[in-house]
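Here's the letter readout for the chains.
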Amino acid sequence: MDKSTVPLTSRTITQMGLFLALIIVSGMFALPIPGLGVPVVLQNMVIMLAGSLLGKKVGLLTNGLFLLLAFAGLPLLAGGRGGAAVFLSPSSGFLLGYLVCVPVISSLSGWLGTQHFWQLFIVYVIGGALCINFFGSFSLAYYSHLSWVNGLKMAAAFVPLDMVKAALAAWLQLRLQGILHFETK
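These notes cover the structure that comes with them. For clarity, every value in this text was computed on a predicted model and none was experimentally measured.

1. Some details on helix H3 (residues 56-71)
Here H3 is 16 residues long and its end C-alpha atoms lie 22 Å apart, about the 22 Å a rise of 1.5 Å per residue gives. Every buried residue of H3 is listed here: Val-58, Gly-59, Thr-62, Asn-63, Phe-66, Leu-67 and Ala-70. For H3, the arc enclosing every buried residue in end-on projection is 170°, short of the 170-degree limit, so these residues lie on one face. Against helix H1 (10-26), helix H2 (43-53) and helix H4 (92-112) lie the buried residues of H3.

Here it is in structure tokens:
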């Protein structure tokens, strides 16, 4: 079998469905930040977990499907948002970061390992929190009509809570990988 393809077995499809449902449900928990136009969400934590537990290809496919459904108008994003307009808003860079963080997290997981909390925490901070906020800084700057440096400063407001989410994701993964057997590819 060609290693560049992912067999869509019933197990893989079930794992994708589980993570898609978790991503959607986690969007129900959003804390609006006045003045930024981007809420604090739990969705990015679940998306980070998908990158590590599902692997690069299946995680990217799952997150891509989630974003495609949101783009099509389903109210799946934080606060019940959806539609093409969300992809032309201050949140758009963060949504792009959702896609980019999956291969970054998957690659870092393979390189650093996933056996210890600190390994996973570093993976989730770099590949998740910093990566998603880096991409978010571009849209924050653009839609606020400010410089990219100011966009970075605005995105930095999310980093402390994202560090907590990275720690929680690392803890969850250590618990889940002993119970569930994900086939990362």
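2. Section: the packing of H2 against helix H5 (residues 117-144)
In the contact formed by H2 and H5, the axes pass within 10 Å of each other and the chain directions differ by 125°. Relative to H5, H2 is oriented oblique. By crossing handedness, the relation of H2 to H5 is classed as right-handed. Judged by residue contacts, Asn-44, Met-48, Leu-49 and Ser-52 of H2 engage Leu-120, Tyr-124, Gly-128, Ala-129 and Ile-132 from H5.

3. Considerations on the nonpolar core
Ranked by size, the top nonpolar core spans 44 residues in total, and within it Phe-19, Ile-47, Phe-66, Tyr-98, Cys-101, Tyr-124 and Leu-140 carry the most contacts. Looking at this core, the elements that each hand over two or more residues are H1, strand S2 (40-41), H2, H3, H4, H5, helix H6 (148-156) and helix H7 (159-179). Among the elements that line this core, the one with the most residues is H5, at eight residues. Apart from the residues lying within four places of it in its own chain, the contact partners of Ile-47 are Ile-23, Asn-63, Phe-66, Tyr-98, Cys-101 and Val-102.

4. Here we look at H7
Relative to the 30 Å expected for 21 residues at 1.5 Å per residue, H7 spans 30 Å between its end C-alpha atoms, a close match to the ideal helical length. Where H7 is concerned, the buried positions are Asp-162, Lys-165, Ala-166, Ala-169, Ala-170 and Gln-173.

5. Considering the state of the cysteines
The final tally for this structure, using the stated rule, is zero disulfides. Not engaged in a disulfide, the cysteine Cys-101 finds its nearest cysteine sulfur in Cys-131; these two sulfurs lie 5.9 Å apart.

6. Quick word on unusual backbone geometry
Even without a glycine there, the phi angle at His-145 is positive, about 60°. Structurally, His-145 can be placed in the loop between H5 and H6.

7. Brief notes about the side chain of Lys-165
Take Lys-165: it is sitting in helix H7. A polar contact is formed between the side chain of Lys-165 and the backbone oxygen of Val-41, at a distance of 2.4 Å. Ignoring sequence-local partners within four residues, the contact set of Lys-165 consists of Val-40, Val-41, Leu-42, Asn-44, Met-45 and Met-48.

8. As for the environment of Gln-173
Relative to the elements of secondary structure, Gln-173 occurs in helix H7. Ignoring anything within four residues of it in the chain, the contact list for Gln-173 reads Leu-49, Ser-52, Leu-53, Thr-114, Leu-120 and Tyr-124. In this structure the side chain of Gln-173 is engaged in a polar contact, spanning 3.0 Å, whose partner is the side chain of Ser-52.

9. Considering a nonpolar patch on the surface
Judged by side-chain polarity, Phe-134, Phe-138, Trp-148, Val-149 and Leu-152 come together as a nonpolar surface patch covering roughly 430 Å² of accessible area. When residues of the nonpolar patch are traced back to their parent elements, those giving at least two are H5 and H6. At three residues, the largest contribution of residues to the nonpolar patch is made by H6. Looking at the secondary structure, you find Phe-134 in helix H5. Residue classification places Phe-134 among the partly exposed positions, given a relative accessible area of 36%.

Definitions and cut-offs
Residues numbered from 1 in each chain as written. Predicted model: local features only at pLDDT ≥ 70, side-chain atom pairs only at ≥ 80, totals over all residues. Heavy atoms only, no water. Helix = DSSP H or I, 4+ residues; strand = E, 2+ residues; numbered from the N terminus. Expected span 1.5 Å × (residues − 1). Buried < 20%, exposed > 50% of the residue type's maximum accessible area, 1.4 Å probe, protein only. Arc of directions from axis to C-beta. Contact = heavy atoms within 4.5 Å. Axes fitted to C-alpha atoms, helices over the stretch in contact; angles between N-to-C directions. Parallel < 35°, antiparallel > 145°, perpendicular 65-115°, else oblique. Left-handed = near helix turned anticlockwise from the far one by under 90°. Core = buried A, V, L, I, M, F, W, Y, C linked by side-chain atoms within 4.5 Å. Disulfide = S-S within 2.5 Å. Polar contact = N/O pair within 3.5 Å; in protein donor to acceptor, adjacent residues only side chain to side chain. Patch = residues over 30% accessible without salt bridge, like charges linked within 9 Å, V, L, I, M, F, W, Y side chains within 5 Å. Areas by Shrake-Rupley, 256 points an atom, 1.4 Å probe, with all protein chains shown as cover. Salt bridge = Lys/Arg side-chain N within 4 Å of Asp/Glu carboxyl O.

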